[in-house]
Amino acid sequence: MTSFEEVEDLDKPVLIDFFATWCGPCRMQTPIMEELEKKYGGRIEIKKVDVDSNMELANRYNIMVVPTIVLEKDGKEVRRWLGVTSKEELSRAIDEIL
């Protein structure tokens, strides 16, 4: 899992985890994202964005709640989740677009 710079491969879906270091629920989301990274390996990109360090990007994505998870395909948002989201729910959405 890497921080958000530029997405390397637009052919892959991208799962973006918008979080804050002070956010308890965000800390609960992190191991779920790590499990997804192991499960999907190189088939998707998983990015983490600290909203406090990347306010411009958070504003561009209109992030009002952390954690917020955004799933993109071909550079377009497919789904968005607010709050802690289960591995199963995220996996279903990823599987649908792979």
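Heads up: these notes are all about the structure in this document. (Residues numbered from 1 in each chain as written. Predicted model: local features only at pLDDT ≥ 70, side-chain atom pairs only at ≥ 80, totals over all residues. Heavy atoms only, no water.)

**A closer look at the packing of aromatic side chains**
As enumerated under the stated definition, the model contains 1 aromatic pair in all. Judged by centre distance (5.1 Å) and plane angle (50 degrees), the rings of Phe-18 and Tyr-61 are tilted. Residue Phe-18 is found in strand β2 (residues 14–19), and its partner Tyr-61 is found in the loop between α2 (55–60) and β4 (68–73); the two are separated by 43 residues along the sequence. An identical accessibility class is assigned to Phe-18 and Tyr-61; each is buried. (Phe/Tyr/Trp six-rings, centres within 6.5 Å; stacked < 30°, edge-to-face > 60°. Helix = DSSP H or I, 4+ residues; strand = E, 2+ residues; numbered from the N terminus. Buried < 20%, exposed > 50% of the residue type's maximum accessible area, 1.4 Å probe, protein only.)

**Details of the pairing of β2**
Both faces of the sheet carry side chains from a regular strand, because those side chains alternate between them. The buried fraction of β2 is high, at 6 of 6 residues. The alternating pattern of β2 places Val-14, Ile-16 and Phe-18 on one face and Leu-15, Asp-17 and Phe-19 on the opposite face, and all of these are buried. The sheet contact formed by β2 and strand β3 (residues 45–50) spans 6 bridges and is parallel. Along β3, the bridge assignment pairs Phe-18 with Val-49. Regarding the hand of the β-α-β motif, the stretch spanning β2, helix α1 (residues 24–40) and β3 is right-handed. Looking at chain direction, β2 and β4 are connected through 5 bridges and run antiparallel. Bridged to Phe-18 within β4 is Thr-68. (Pairing = 2+ DSSP bridges. Right-handed = clockwise from strand over helix to strand, strands pointing away.)

**Concerning the packing of α1 against helix α3 (residues 87–97)**
Between two packed helices, what matters for the description is the angle formed by their axes and the separation of those axes. As a packed pair, α1 and α3 sit with axes 10 Å apart at the nearest point and diverge in direction by 40 degrees. Between α1 and α3, the crossing angle belongs to the class labelled oblique. Both α1 and α3 take part in a crossing whose hand is right-handed. Between α1 and α3, the contacting residues are Gln-29, Ile-32, Met-33, Glu-35, Leu-36, Lys-39 and Tyr-40 on the first element and Lys-87, Leu-90, Ser-91, Ile-94 and Asp-95 on the second. For the contact of α1 with α3, the residue count by class is 6 nonpolar, 2 polar and 4 charged. (Axes fitted to C-alpha atoms, helices over the stretch in contact; angles between N-to-C directions. Parallel < 35°, antiparallel > 145°, perpendicular 65-115°, else oblique. Left-handed = near helix turned anticlockwise from the far one by under 90°. Contact = heavy atoms within 4.5 Å. Nonpolar A, V, L, I, M, F, W, Y, C, P; charged D, E, K, R; others polar.)

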